[in-house]
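Summary of the model geometry
Each chain is listed here by its residues.
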Amino acid sequence: MLVLFIAVTVASFLFLKTSKNPEQNLVITAAQKEYIYPLSKNREVEIAGVLGNSVIVIQDGRAFFKSSPCTNKTCVHMGAVSLENDWAACLPNDVFIRVE
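Residues numbered from 1 in each chain as written. Predicted model: local features only at pLDDT ≥ 70, side-chain atom pairs only at ≥ 80, totals over all residues. Heavy atoms only, no water.

1. Topic: the state of the cysteines
On inspection of all chains with the given rule, the structure shows 0 disulfides. Of all cysteine sulfurs, the one in cysteine 90 lies closest to cysteine 75, which takes part in no disulfide; the gap is 3.7 Å. (Disulfide = S-S within 2.5 Å.)

This is the structure:
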(Lines give C-alpha, C1' and ligand atoms only; values in the text may rest on other atoms or scores of the structure.)
Protein backbone atom coordinates (compact mmCIF):
# COMPACT_ATOMS: atom_id res chain seq x y z
CA MET A 1 0.00 0.00 0.00
CA LEU A 2 2.83 2.40 0.87
CA VAL A 3 4.59 1.63 -2.42
CA LEU A 4 1.38 2.40 -4.35
CA PHE A 5 0.98 5.71 -2.49
CA ILE A 6 4.58 6.72 -3.26
CA ALA A 7 4.20 5.74 -6.92
CA VAL A 8 1.01 7.79 -7.30
CA THR A 9 2.61 10.78 -5.53
CA VAL A 10 5.70 10.69 -7.74
CA ALA A 11 3.62 10.27 -10.91
CA SER A 12 1.40 13.21 -9.92
CA PHE A 13 4.43 15.39 -9.23
CA LEU A 14 6.02 14.54 -12.57
CA PHE A 15 2.76 15.17 -14.43
CA LEU A 16 2.28 18.59 -12.82
CA LYS A 17 5.90 19.53 -13.44
CA THR A 18 5.79 18.59 -17.13
CA SER A 19 2.32 19.97 -17.84
CA LYS A 20 3.42 23.58 -17.40
CA ASN A 21 1.51 25.81 -19.78
CA PRO A 22 3.94 26.57 -22.64
CA GLU A 23 1.65 29.32 -23.94
CA GLN A 24 2.51 31.96 -21.39
CA ASN A 25 2.12 35.51 -22.57
CA LEU A 26 3.86 38.75 -21.78
CA VAL A 27 1.36 41.52 -21.16
CA ILE A 28 2.71 45.04 -21.59
CA THR A 29 0.71 47.99 -20.33
CA ALA A 30 1.73 51.51 -21.38
CA ALA A 31 -0.12 54.78 -21.90
CA GLN A 32 -3.41 53.06 -21.04
CA LYS A 33 -2.92 50.49 -23.83
CA GLU A 34 -2.27 46.79 -23.49
CA TYR A 35 -0.10 44.63 -25.75
CA ILE A 36 0.13 40.83 -25.56
CA TYR A 37 3.03 38.79 -26.93
CA PRO A 38 3.71 35.04 -26.54
CA LEU A 39 6.84 34.31 -24.53
CA SER A 40 7.55 31.43 -26.90
CA LYS A 41 8.52 33.72 -29.79
CA ASN A 42 11.77 35.70 -29.58
CA ARG A 43 11.40 39.36 -30.49
CA GLU A 44 12.29 42.90 -29.52
CA VAL A 45 9.51 45.48 -29.17
CA GLU A 46 9.48 49.23 -28.71
CA ILE A 47 6.71 50.50 -26.50
CA ALA A 48 5.85 54.19 -26.30
CA GLY A 49 5.65 55.53 -22.76
CA VAL A 50 5.21 59.03 -21.38
CA LEU A 51 8.96 59.82 -21.62
CA GLY A 52 9.70 57.99 -24.88
CA ASN A 53 10.22 54.42 -26.07
CA SER A 54 11.11 51.49 -23.83
CA VAL A 55 12.70 48.50 -25.56
CA ILE A 56 11.60 45.11 -24.25
CA VAL A 57 13.25 41.87 -25.34
CA ILE A 58 11.43 38.53 -25.34
CA GLN A 59 13.96 35.73 -25.60
CA ASP A 60 13.94 32.04 -24.65
CA GLY A 61 10.71 32.30 -22.66
CA ARG A 62 11.82 35.34 -20.69
CA ALA A 63 11.32 39.09 -21.08
CA PHE A 64 13.29 42.09 -19.86
CA PHE A 65 13.76 45.82 -20.35
CA LYS A 66 16.71 46.35 -22.69
CA SER A 67 16.50 50.14 -22.48
CA SER A 68 14.23 52.93 -21.36
CA PRO A 69 14.39 56.74 -21.37
CA CYS A 70 14.12 57.02 -17.57
CA THR A 71 17.05 58.50 -15.65
CA ASN A 72 17.70 55.83 -13.02
CA LYS A 73 17.38 52.68 -15.25
CA THR A 74 15.96 50.59 -12.39
CA CYS A 75 13.76 48.76 -14.90
CA VAL A 76 16.77 47.70 -16.96
CA HIS A 77 18.49 46.31 -13.86
CA MET A 78 15.41 44.40 -12.61
CA GLY A 79 16.28 41.34 -14.67
CA ALA A 80 14.07 39.03 -16.67
CA VAL A 81 10.54 37.87 -15.94
CA SER A 82 9.50 34.36 -16.93
CA LEU A 83 7.07 32.86 -14.42
CA GLU A 84 3.36 33.52 -14.11
CA ASN A 85 2.73 36.75 -12.16
CA ASP A 86 6.35 37.91 -12.51
CA TRP A 87 6.50 41.60 -13.34
CA ALA A 88 8.84 44.50 -13.98
CA ALA A 89 8.09 48.17 -14.49
CA CYS A 90 9.50 51.47 -15.61
CA LEU A 91 7.48 53.78 -13.39
CA PRO A 92 8.79 57.08 -14.79
CA ASN A 93 7.91 55.95 -18.34
CA ASP A 94 4.64 54.30 -17.23
CA VAL A 95 5.49 50.90 -18.81
CA PHE A 96 4.59 47.72 -16.94
CA ILE A 97 5.29 44.11 -18.03
CA ARG A 98 3.89 40.94 -16.50
CA VAL A 99 3.67 37.23 -17.33
CA GLU A 100 0.25 35.58 -17.61
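2. Observations regarding the packing of aromatic side chains
Applying the stated criterion to the full structure yields 1 aromatic pair. Summarising the aromatic geometry, the rings of tryptophan 87 and phenylalanine 96 are spaced 5.6 Å apart at their centres and angled 25° between planes, so their arrangement reads as stacked. Phenylalanine 96 sits in the partly exposed class, given a relative accessible area of 31%. (Phe/Tyr/Trp six-rings, centres within 6.5 Å; stacked < 30°, edge-to-face > 60°. Buried < 20%, exposed > 50% of the residue type's maximum accessible area, 1.4 Å probe, protein only.)

3. Some points on the pairing of strand S3 (residues 43–48)
Side-chain direction in a regular strand flips from residue to residue, so the side chains alternate between the two faces of the sheet. Sheet analysis places S3 next to strand S4 (residues 53–59), joined by 6 bridges and oriented antiparallel. Bridge pairing in S4 links isoleucine 47 to serine 54. The hairpin turn running from S3 into S4, its antiparallel successor, is 4 residues long, and glycine 52 in that turn takes a positive phi close to 150°. (Pairing = 2+ DSSP bridges. Helix = DSSP H or I, 4+ residues; strand = E, 2+ residues; numbered from the N terminus.)

4. With respect to a nonpolar patch on the surface
Together, Met78, Trp87 and Phe96 make up a nonpolar patch on the protein surface, roughly 300 Å² of accessible area in all. Here phenylalanine 96 shows up in strand S7 (residues 95–99). (Patch = residues over 30% accessible without salt bridge, like charges linked within 9 Å, V, L, I, M, F, W, Y side chains within 5 Å. Areas by Shrake-Rupley, 256 points an atom, 1.4 Å probe, with all protein chains shown as cover. Salt bridge = Lys/Arg side-chain N within 4 Å of Asp/Glu carboxyl O.)

5. Quick word on the sheet that holds strand S2 (residues 33–38)
Taken in spatial order, the 4 strands line up as S2-S1-S7-S6 in an open sheet, and their pairing is antiparallel. The open sheet is flanked by S2 and strand S6 (87–90), the only strands paired with a single partner. Recorded for the sheet is a direction-independent mean angle of 15° between the axes of neighbouring strands. Here strand S1 (residues 25–30) runs beside S7; their pairing, made up of 5 bridges, is antiparallel. Bridge pairing in S7 links isoleucine 28 to isoleucine 97. (Axes fitted to C-alpha atoms, helices over the stretch in contact; angles between N-to-C directions.)

6. A closer look at unusual backbone geometry
The backbone of lysine 73 sits at a positive phi, close to 60°, despite the residue not being glycine. Position of lysine 73 among the secondary structure elements: in the loop between strand S5 (62–67) and helix H2 (74–77). Notably, asparagine 85 is not glycine yet its phi reads approximately 75°, a positive angle. Note that asparagine 85 resides in the loop between H2 and S6.

7. Some remarks on the pairing of S4
Along S4, 5 of the 7 residues are buried, which leaves the element largely enclosed by surrounding structure. Alignment of S4 against S5, held across 5 bridges, turns out to be antiparallel. Bridging from a neighbouring strand, valine 57 pairs with phenylalanine 64 of S5. Counting the residues in the hairpin turn of S4 and S5 gives 2 residues, including aspartate 60, whose phi is positive at 55°.

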